[in-house]
Amino acid sequence: MKEQKQPAMQSALSEILDFKLTNSQLAGNADMELHNCNAGNNVNSKDEVIVISDEVLKTLINLSTDIITVLKPDGTILFESDSVELILGYKKDELIGLNAFSFIHKDDVIKVLGEFEKGFKNPGTSIISQYRFRKADGSYAYLESTGTNFNIPYSSNVVIISRDVSSRIESE
């Protein structure tokens, strides 16, 4: 079998989310492993392998009503899902390359940085945080985010899934 060479530049999304899951993993196997297709890893199992392509993942992500973000360890935004425009008013490409922590309210940023660091140091652990994030119009939305460092080989990026909880917070 001829070895395929990786393209020199991969999207952040592909690096994080291009993986294979076996049927037992989809059924909730606690020992789930992500197999990076681009690295050429094989699944040595009798389970049928389901390959989720980059295009299918992009479609699923962009249909979500939650904001899905991929961050570098320093907080640089590598990817934003389409829902960032509906929820925060930014075009998805407008935030790429900027530091996510610079948009967090000054009274919340220390707490969020600590939670981010805790999650980053504990791969596979999900950290949930609530904070205010500056919208494109200058106002703030209360977001509830779950961040996970999947500990995928050759990647140290973190996936953040956020939803707007402003209505819930303001009614409390």
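Rules used in this analysis
- Residues numbered from 1 in each chain as written.
- Predicted model: local features only at pLDDT ≥ 70, side-chain atom pairs only at ≥ 80, totals over all residues.
- Heavy atoms only, no water.
- Helix = DSSP H or I, 4+ residues; strand = E, 2+ residues; numbered from the N terminus.
- Buried < 20%, exposed > 50% of the residue type's maximum accessible area, 1.4 Å probe, protein only.
- Contact = heavy atoms within 4.5 Å.
- Areas by Shrake-Rupley, 256 points an atom, 1.4 Å probe, with all protein chains shown as cover.
- Salt bridge = Lys/Arg side-chain N within 4 Å of Asp/Glu carboxyl O.
- Core = buried A, V, L, I, M, F, W, Y, C linked by side-chain atoms within 4.5 Å.
- Pairing = 2+ DSSP bridges.
- Phe/Tyr/Trp six-rings, centres within 6.5 Å; stacked < 30°, edge-to-face > 60°.

**Student:** Break down the overall build of the chain for me, with residues and values.
**Tutor:** Across its full length, the chain holds six helices and eight strands. Within the span of the chain, comprising 172 residues, buried residues form 40% of the whole. Summarising the internal contacts of the chain: among those between residues at least 6 apart in sequence, 45% fall at separations of at least 24. For the chain, the computed accessible surface area is about 10400 Å², with 51% contributed by carbon and sulfur atoms.

**Student:** So what's going on with the pattern of salt bridges? Which residues, and what values?
**Tutor:** Summed over all chains, the structure comprises six salt bridges. The residue Asp 66 makes a salt bridge to Arg 163 at a minimum N-O spacing of 2.9 Å. Taken as a pair, Asp 66 in the loop between α3 (54–63) and β4 (67–71) and Arg 163 in strand β8 (residues 158–164) lie far apart in primary sequence, 97 residues in all.

**Student:** So what's going on with the nonpolar core? Residues and values would help.
**Tutor:** Core analysis: the biggest nonpolar cluster contains 21 residues, and Leu 88, Ile 104, Phe 133 and Leu 143 have the highest contact counts within it. Elements that contribute at least two residues to this core include exactly β4, α4 (83–88), α5 (109–121), β6 (126–134), β7 (140–148) and β8. For Phe 133, the contacting residues outside a window of four places in its chain are Leu 88, Tyr 90, Ala 100, Phe 103, Ile 104, Ser 139, Tyr 140, Ala 141 and Leu 143. Among the nonpolar cores identified, the runner-up in size contains five residues, and Ile 61, Val 70, Phe 79 and Val 159 belong to it.

**Student:** Help me get a handle on the pairing of β4, residues and values and all.
**Tutor:** In terms of burial, β4 is a largely internal element, five of the five residues being buried. Neither face of β4 is left uncovered, since the one carrying Ile 67, Thr 69 and Leu 71 and the one carrying Ile 68 and Val 70 both have all their residues buried. Where β4 meets strand β5 (residues 77–80), three bridges bridge the pair, whose relative direction is antiparallel. Its bridge partner being in β5, Thr 69 is matched across the sheet by Glu 80. Where β4 folds back on β5, the antiparallel hairpin that results is connected by five residues, among which Gly 75 adopts a positive phi of roughly 95°.

**Student:** Give a detailed account of the packing of aromatic side chains, specifying residues and quantitative values.
**Tutor:** Aromatic ring pairs are described here by two measures, namely the spacing of the ring centres and the angle between the planes. Under the criterion given, the structure shown has three aromatic pairs. With a centroid separation of 5.6 Å and an interplanar angle of 80°, the aromatic rings of Tyr 90 and Phe 103 are classed as edge-to-face. Note that Tyr 90 is positioned in the loop between α4 and α5 and Phe 103 in the loop between α4 and α5, a separation of 13 residues in sequence. Taken as a pair, Tyr 90 and Phe 103 share a single burial class, namely buried. Note on Phe 101 and Phe 116: the rings are 5.1 Å apart at their centroids and 75° apart in plane angle, and the pair reads as edge-to-face.

**Student:** Any details on the pairing of β7? Residues and values, ideally.
**Tutor:** Where β6 and β7 come together, nine bridges link them in antiparallel fashion. Paired with Tyr 131 across the bridge in β7 is Leu 143. Adjacent in sequence and paired antiparallel, β6 and β7 are bridged by five residues, among which Gly 138 carries a positive phi angle near 95°. Across six bridges, β7 lies against β8 in antiparallel orientation. Residue pairing for β8: Glu 144 is matched across the bridge by Arg 163.

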